[in-house]
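Structure at a glance
One letter stands for each residue in the lines below.
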Amino acid sequence: MKHPVLLAGALAAAALVAAPLPLEAAKPVVCAQCVKANMERLAGDELRGRGCGTEDEHVAARFVADTLKRYGVAPAAGTDGYLQPVQLSTPTAASPPTLQFTSGAQQVALLQGRDMAAMQPPPSLQAPFIRLSDAHASPEAVKGKIVIYDSPIYDAPGVQELLRAGAAAVIAPASDVILTHWDDLSTRPPGRTQIAGVERRAGRPTGVTIFAKADAMAALRKLEPGEARLDAPQGPPRERTTYAVIGVLHGTAPDADRHAVLLSAHYDHLGVRNGVIFHGANDDASGTAAVLEFARILGLGGKPRRTAYFALFGCEEEGGLAAQAFLAHPPMATSDLAANLEFEMIGVDDPKHPGFLMLTGWERSNLGPTLAAHGARIVPDPYPEQNFFTRSDNYQLALQGVVAQTISAWPIPPTYHDPSDDLAHVDLNLMDQVIGSMVAPVTWLLNSDFVPAWNPGLKP
Ligand SMILES: [Zn+2]
């Protein structure tokens, strides 16, 4: 799951209430030993948290590919033995960015990490600065300026409003959530990773968001308007390779490939940080293990009528990078996909719906209710304000029209992006139960003529 801090906008959709089926509906066809073994391999110490673009991640990709092969799933067209390599080029900082304010004889200097976290700063930026406590300023007052937005607490909509008004940069007080992720945020690369062969959609040019610690805000509060200068020198880009791992089971129907179903998850996690392994057992070894378990059951069982694709993506944690490459060069026409079910973090039980999974964007399509009617232990997403529907790899496919939704247990457990997200904090029994409950509905979907559809007006 991608981090929420920098996502703007929220789509508050009302969750519908579904009548969950009783526990007995879950069928014990899951191979608990297989799920456990795959979890232990993916989230074990040896793969060191499967960091994006690392050799550990590559070993994980080969493990996933070997497992698909063992389960009788074929490599998808255009892959190199299941692997679709993806070349990445990430900007690097030559030294930590600095931000210098000068007002008459007064000077304040902020340093990245110590005082501030400037997100994706340009190599240099010089502009007049002003201080505002109200985001509803006239565009003329803001345009091209470095704005110190002196709100009592972090105000994301206000920051967005100032950036939309044309501010070159907005400095805002860091919230508790931002402070919790300070090390991560302040050491992020100074620009977006380029993916070879993927055209970057030209976004609206926007200014720089800079989070400041309380001491820095206090120092800035004393300044009269003046000139500010941001320096963020870049080093040579960091070149890495990640992989989408893609398998296929061609269906038996004559038009099997025209109504295929894609089951997906991401196998990368955060890797090693400051010498600590972030194992990512729940995020998202659990989803990967679920997709592999479907591959095992379907691959070693009777072939379904419809074609099933199994895609496991790398570098999700850095922005769905392998998934973006997959979408730019898919092994099928995406218009031939009837549905995409993505599995993300199904290993920690959510107290809001114990023993059940949730489907993001439930109200948007007829897929969730139909699967639930066929025994899936899934309920509507009880966190619409978190906008999870747009925060996983399913979203890019959904934007292309495919009914693509993510299935999670607890999407924001206490172990989220924490070193405690390890095997000891994952409930394997829960995984077996919920995967088991999905086997019959997914098998039904792959043998039916049901074509999931967006509900009127709710296609993204
Ligand atoms: Zn994550």
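Residues numbered from 1 in each chain as written. Predicted model: local features only at pLDDT ≥ 70, side-chain atom pairs only at ≥ 80, totals over all residues. Heavy atoms only, no water.

Another point: the state of the cysteines. For the coordinates displayed, the defined rule picks out 2 disulfides. A sulfur-sulfur distance of 2.0 Å marks the disulfide that ties Cys31 to Cys34. Of note, the bridge from Cys31 to Cys34 carries an S-S torsion of about 80° and is right-handed in sense. Cys34 shares its class with Cys31; the two are buried. Note on cysteine connectivity: Cys52 is disulfide-linked to Cys315, with sulfurs 2.0 Å apart. Measuring handedness by torsion sign, the sulfur bridge of Cys52 and Cys315 sits at about 95° and is right-handed. Linking Cys52 in the loop between α1 (32-42) and α2 (55-70) with Cys315 in the loop between β16 (308-313) and α9 (321-328), this pair joins segments that are 263 residues apart in sequence. Each of the two residues, Cys52 as well as Cys315, counts as buried. Looking at the protein, its bonded cysteines, counted consecutively from the start of the sequence, adopt the pairing 1-2, 3-4. (Disulfide = S-S within 2.5 Å. Buried < 20%, exposed > 50% of the residue type's maximum accessible area, 1.4 Å probe, protein only. Helix = DSSP H or I, 4+ residues; strand = E, 2+ residues; numbered from the N terminus.)

Right, let's talk about the domain arrangement of the protein for a bit. The domain boundaries assigned to the protein delineate domain 1 (23-88 + 239-447) and domain 2 (95-236). Just the C-alpha atoms count here: the centres of domain 1 and domain 2 sit 36 Å apart. On the domain 2 side, the residues contacting the 13 residues of domain 1 number 9 residues. Both sides of the domain 1 and domain 2 interface together cover about 790 Å² of buried area, and 56% of this is carbon and sulfur. At the boundary of domain 1 and domain 2, one finds 1 salt bridge. For the salt bridge of Asp184 with Arg273, the shortest nitrogen-to-oxygen distance reads 3.7 Å. (Domains from an automatic or database assignment. Contact = heavy atoms within 4.5 Å. Buried area = accessible area lost by both parts, 1.4 Å probe. Salt bridge = Lys/Arg side-chain N within 4 Å of Asp/Glu carboxyl O.)

Following the criterion strictly, the structure yields 14 salt bridges and no others. Where Arg188 meets Asp184, a salt bridge forms, and the shortest distance between an N and an O atom there is 3.3 Å. Residue class for Arg188 comes out partly exposed when judged on its relative accessible area of 30%. Three or more residues joined by partner-sharing salt bridges are found here, namely Arg131, Asp150 and Arg221.

Across the sheet, which stays open at both edges, the 8 strands sit in the order β4-β3-β11-β6-β7-β8-β10-β5 with mixed pairing between neighbours. The open sheet terminates on both sides in strands that have one partner only, identified here as β4 (106-111) and β5 (116-119). Averaged over all pairs of adjacent strands, the angle between their axes in this sheet comes to 25°, without regard to strand direction. Two strands pair when backbone bridges link them, and strand β6 (residues 124-132) and strand β7 (residues 146-149) are joined in this way by 4 bridges, in the parallel orientation. Looking at the pairing, Phe129 lines up with Ile146 of β7. (Pairing = 2+ DSSP bridges. Axes fitted to C-alpha atoms, helices over the stretch in contact; angles between N-to-C directions.)

Axis separation between α1 and helix α12 (residues 428-447) bottoms out at 10 Å; the angle between their running directions is 125°. With respect to each other, α1 and α12 are oriented oblique. As α1 runs across α12, the sense of the crossing is right-handed. Residue-level contacts link Ala32, Val35, Lys36 and Met39 of α1 to Leu428, Met431, Asp432 and Ile435 of α12. Of the residues in the contact of α1 with α12, the class split is 6 nonpolar, no polar and 2 charged. (Parallel < 35°, antiparallel > 145°, perpendicular 65-115°, else oblique. Left-handed = near helix turned anticlockwise from the far one by under 90°. Nonpolar A, V, L, I, M, F, W, Y, C, P; charged D, E, K, R; others polar.)

So, about the side chain of Asn38. Its location among the elements puts Asn38 in helix α1. There is a polar contact of 3.2 Å between the side chain of Asn38 and the side chain of Tyr71. Other than its neighbours up to four places away in sequence, Asn38 contacts Phe63, Thr67, Arg70, Tyr71, Ala289 and Leu292. (Polar contact = N/O pair within 3.5 Å; in protein donor to acceptor, adjacent residues only side chain to side chain.)

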